Amino acid sequence: MKKIAIVFALLISFVGTSFAKNPFAHRFFEVRVDVPVEVSNNLVSLKEVMQESVVIDLSEIAEKVAFKGAAIKAFAAPTFSLNLDIPHGLILGLSVGVEGDASVGLSKDLFEFLGNGNVGMGDDFVVQTSNTYADIFATATVKGGWNFKKSKIEFEGTAFSTLAHFDASQTSARVFMKDNKVGVQANLEAKGYSNCDLANISDVQGILSSIGDGIGFDVGAKYQRELFKFLTVGAQARIPIVPSRLNTGYNVTYTYDKYLGFDEFVGMGGDDGDDGSSSEVPQYQEGDDEDLTGLEAILGKPIKLDTPYAIHRPLKFGISADFHPFGTLLSTTGYVGVGFRHPFASAINKSNGGVDETQFYFDYSIGGRLSLWNVLSFSLSHSYMDEVFKNQFTVELNIRLLEVDAGVSFQSTNFAQSFTGAGVGAFVTLCVGF
């Protein structure tokens, strides 16, 4: 009986302390490294690829992309930071990093044709790219704020330099059928911008020196307040101030013209192409007659711009809520917001043609966290951030002097396929401090 009473008392003590905060889990100062990497698509899933015999069902792919076409996205943002966070006191931080964001979008027509033929499409249709871009930013952020008794406020300013920006949303291809043959007329049009010669990527010193050219600036703010002991709400924003300006341009133009038998078009053999013709002709700036090699053969010769091209990082607004009726043991979080990629693009680039590259999207996330004294924690979340649906599992181990967080996710630009592994993501965070 005595043993049962002791076990029961220990159990009650364990449960009780699990609800309490652990003051020794919070670091006043830390050195932090974050390495997130993500790749997603809405065409095929890991389940379909990781089989002994891989079968690509074109009609199934056509069904998947029927709503908004094919979309492939990739993201990476390694950062290094120093942070000071004093309870009921000062918040300071400094971080440097690189952000890489790329996207390719194709209209659904090509996949409908490959999967289901031209039923209901006619003998002539156009495939158009959309939301097709690539951005690489180098960033340096200074953060400051204050921890109040029941609230926290943070402000940050970020200086960023655009290492490269490409947009190929004007690319298109025409597919037509006649006399049991298929014709393809494609025109790739991509605009590229940088402050260095991208063809010489081995010139590290030149790339580093270019980071100081055309620096942009944006500001951010976060506010959290504990409304009740079980509910904390917050709001955050990132607002562009000064765009990054790029003085080197690339005009990548390729044309492709092919006319061939239908069997050959779908890869079933047929003739050797004698009945058709093809050409792949890169077009460069007038006067570039010398042979081009390496990346120059793809990008062409760089052009010095009279008027630099301007670009902002995304503009964002959002609100959040943290529901924690059981203290730190169990909590749920939610967030909703909006984002604008390449904000004000047409207005700040009127002298360069004023192409509207701005993309508007909604963000949201919801998740739950189980934490034992903030030492060992597990989290599950579902989100739609930056036009990607993500289902993520995270493990956190925090012994104050050292914290290691790791997470994996299934993700996709399609909601249903985000649960099937159409894309994957992973991150590792390492913190050392006291």
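Source: prediction; values computed, not measured. (Residues numbered from 1 in each chain as written. Predicted model: local features only at pLDDT ≥ 70, side-chain atom pairs only at ≥ 80, totals over all residues. Heavy atoms only, no water.)

**Q** Would you mind showing me how to read the packing of aromatic side chains here?
**A** For any pair of aromatic rings, the description consists of the separation of the ring centres together with the inter-plane angle of the planes. Evaluation of the coordinates by the stated rule reveals 12 aromatic pairs. Ring centres 5.7 Å apart and planes at 85° place the aromatic pair Phe137 and Phe160 in the edge-to-face group. Residue Phe137 is found in strand β6 (residues 133-147), and its partner Phe160 is found in strand β7 (residues 151-167); the two are separated by 23 residues along the sequence. The pair Phe137 / Phe160 is uniform in exposure class, with both members buried. (Phe/Tyr/Trp six-rings, centres within 6.5 Å; stacked < 30°, edge-to-face > 60°. Helix = DSSP H or I, 4+ residues; strand = E, 2+ residues; numbered from the N terminus. Buried < 20%, exposed > 50% of the residue type's maximum accessible area, 1.4 Å probe, protein only.)

**Q** How do you make sense of unusual backbone geometry when you look at a structure like this?
**A** As a rule of thumb, non-glycine residues mostly have phi less than zero, and peptide bonds are mostly trans rather than cis. The backbone of Asn131 shows a phi angle near 50°, a positive value even though the residue is not glycine. Looking at where Asn131 falls in the secondary structure, it is placed in the loop between β5 (124-128) and β6. For His342, which is not glycine, the phi dihedral falls at a positive 55°. Looking at the secondary structure, you find His342 in the loop between β16 (330-341) and α8 (345-348).

**Q** For this particular structure, what's the right way to read the environment of Ala321?
**A** Considering the arrangement of structural elements, one finds Ala321 in strand β15 (residues 315-323). Classification of Ala321 as partly exposed rests on a relative accessible area of 33%. Expressed as a C-alpha distance, the spacing of Ala321 and Thr332, which sit 11 residues apart in the sequence, is 8.3 Å. Not counting residues within four places of it along the chain, the set of residues in contact with Ala321 comprises Leu231, Thr232, Val233, Thr332, Thr333 and Gly334. (Contact = heavy atoms within 4.5 Å.)

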